[in-house]
Amino acid sequence: MSRLILALDVYERERALEIAECTADYLWAIKVNWPLIIGSGLKIITELKQVTGLPIIADLKLADIPNTNRLIAKKVFEAGADYVIAHGFVGRDSVKAVMELGKTIIVVEMSHPGAKEFIQPVTDKLIEMANELGPFGVIAPATRPERVSYIRSKLKPGIKVITPGVGAQGGTASEVLKAGADYIIVGRAIYQSENPRESARRIFEEVEAWS
Ligand code: NUP
């Protein structure tokens with residue numbers, strides 16, 4: 001099974017479906033974020049599932065009070081999302097509201113440089129929360145493989161480590177897999193390339209070499 005997740009951050013429905021179809025052979029799952037949901041509507045989740053048969057991760061980074069997190073997550077799971085990404089820093093009650101509805105991925109450290117300002121100082125607490133709640137997985141930064149190793153070492157076995165930041169943000173698949181990532185997320189390096197299928201295939205091969 002592939003360990004590659006496509007971050008499908010385009011606006012247009014047709015383009016999204018086209019890229020999803022031509023890369024599906026090399027993917028474990030497709031991640032849908034706000035740009036695609038704003039551009040094409042929530043029904044794109046249902047369509048992507050029908051067209052590819054792959055699991056869909058809704059990367060909403062939910063960060064609201066429990067009731068609002070619940071209201072949003074309910075509709076997104078109903079649309080067919082298999083996983084929802086939620087922020088942990090808002091507190092256990094908000095995360096639990098999402099976990100009660102379906103499989104959840106908690107952000108414990110983001111991949112951009114600004115993550116060092118506020119998220120990284122509380123990563124240990126977010127790992128503790130993940131260990132206590134037992135979500136499907138956590139988000140850790142492919143841009144900082146040493147942090148992925150650290151997070152993996154502190155996390156209970158069985159909780160998956162899912163890492164964005166490979167490609168456009170500077171991370172490499174082999175480095176982050178070596179550091180202990182279970183899945184890598186790749187967006188622009190695939191959907192902005194001239195041949196998305198070929199780019200997905202190349203990254204898939206790199207992942208396979210480490211599996
Ligand atoms: O820490 C995070 N970093 C990150 O890039 C958490 C994320 N969910 N993401 C998302 O992963 C980001 O919003 C985008 O959808 C994808 C990375 O895309 P790219 O940098 O490979 O184009």
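Bear in mind that the values here come from a model prediction, so they are computed numbers and not experimental data.

Enquirer: Explain the site of the ligand to me, please; I cannot follow it from the model alone.
Expert: Among the 16 residues in the neighbourhood of the ligand, the closest are listed as Asp9, Lys31, Asp59, Ser111 and Arg188. Residue Asp9 places a side-chain N or O atom 2.6 Å away from an oxygen atom belonging to the ligand. One nitrogen or oxygen atom from the side chain of Arg188 is found 2.8 Å from an oxygen atom belonging to the ligand. Listing elements by their share of the shell around the ligand, those giving two or more residues are β2 (29–33), β3 (56–62) and β8 (183–186). Of the residues that constitute the shell around the ligand, the class distribution is seven nonpolar, four polar and five charged.

Enquirer: Help me out: how do you make sense of the nonpolar core in this one?
Expert: Most often, soluble globular proteins keep nonpolar side chains buried together rather than apart. The biggest cluster of nonpolar side chains holds 62 residues, and the ones touching the most others in it are Leu8, Ile30, Leu48 and Ile184. The biggest single contributor to this core is helix α7 (residues 123–133), with five residues. Not counting residues up to four positions away in its chain, the partners in contact with Leu8 are Ala16, Ile19, Ala20, Ile30, Lys31, Leu36 and Leu48. Counting residues in hydrophobic clusters, the runner-up holds 14 residues, among them Ala29, Ile85, Ile105 and Val107.

Enquirer: I'm lost on the packing of helix α1 (residues 13–23) against helix α3 (residues 43–52) in this one. Help?
Expert: Two quantities define a packed helix pair, namely the angle between the helix axes and the distance between the axes. Relative to each other, α1 and α3 sit at 30 degrees, their axes nearing to 10 Å. When the axes of α1 and α3 are compared, the pair comes out roughly parallel. In the packing of α1 onto α3, the handedness of the crossing is right-handed. Taken together, the residues of α3 that come into contact with α1 (itself represented by Arg13, Ala16, Leu17, Ala20 and Glu21) are Ile44, Glu47, Leu48, Val51 and Thr52.

Enquirer: How do you make sense of unusual backbone geometry when you look at a structure like this?
Expert: Across residues other than glycine, the phi torsion is negative in most instances, and most of the peptide bonds are trans. Despite not being glycine, Lys61 shows a phi value in the positive range, around 45 degrees. Examined against the element boundaries, Lys61 turns out to sit in strand β3. For Lys61, a relative accessible area of 26% corresponds to the partly exposed category.

Enquirer: Any chance you could explain the sheet that holds strand β6 (residues 137–139) here in plain terms?
Expert: Strands pair in a sheet through their backbones, by hydrogen bonds, and they do so in one of two ways: parallel or antiparallel. Around the barrel, which closes on itself, the eight strands sit in the order β1-β2-β3-β4-β5-β6-β7-β8 with parallel pairing between neighbours. For this sheet the average axis-to-axis angle between neighbouring strands, irrespective of direction, equals 25 degrees. Relative to strand β5 (residues 103–107), strand β4 (residues 83–87) is paired through five bridges, and the arrangement is parallel. By the bridge assignment for β5, Val84 is matched with Thr104. Strands in contact with helix α4 (residues 66–78) are β3, β4 and β5; relative to β3, the strand with the most contacts, it is inclined by about 165 degrees.

Criteria and cut-off values
Residues numbered from 1 in each chain as written. Predicted model: local features only at pLDDT ≥ 70, side-chain atom pairs only at ≥ 80, totals over all residues. Heavy atoms only, no water. Near = heavy atom within 4 Å. Polar contact = N/O pair within 3.5 Å; in protein donor to acceptor, adjacent residues only side chain to side chain. Helix = DSSP H or I, 4+ residues; strand = E, 2+ residues; numbered from the N terminus. Nonpolar A, V, L, I, M, F, W, Y, C, P; charged D, E, K, R; others polar. Core = buried A, V, L, I, M, F, W, Y, C linked by side-chain atoms within 4.5 Å. Buried < 20%, exposed > 50% of the residue type's maximum accessible area, 1.4 Å probe, protein only. Contact = heavy atoms within 4.5 Å. Axes fitted to C-alpha atoms, helices over the stretch in contact; angles between N-to-C directions. Parallel < 35°, antiparallel > 145°, perpendicular 65-115°, else oblique. Left-handed = near helix turned anticlockwise from the far one by under 90°. Pairing = 2+ DSSP bridges.

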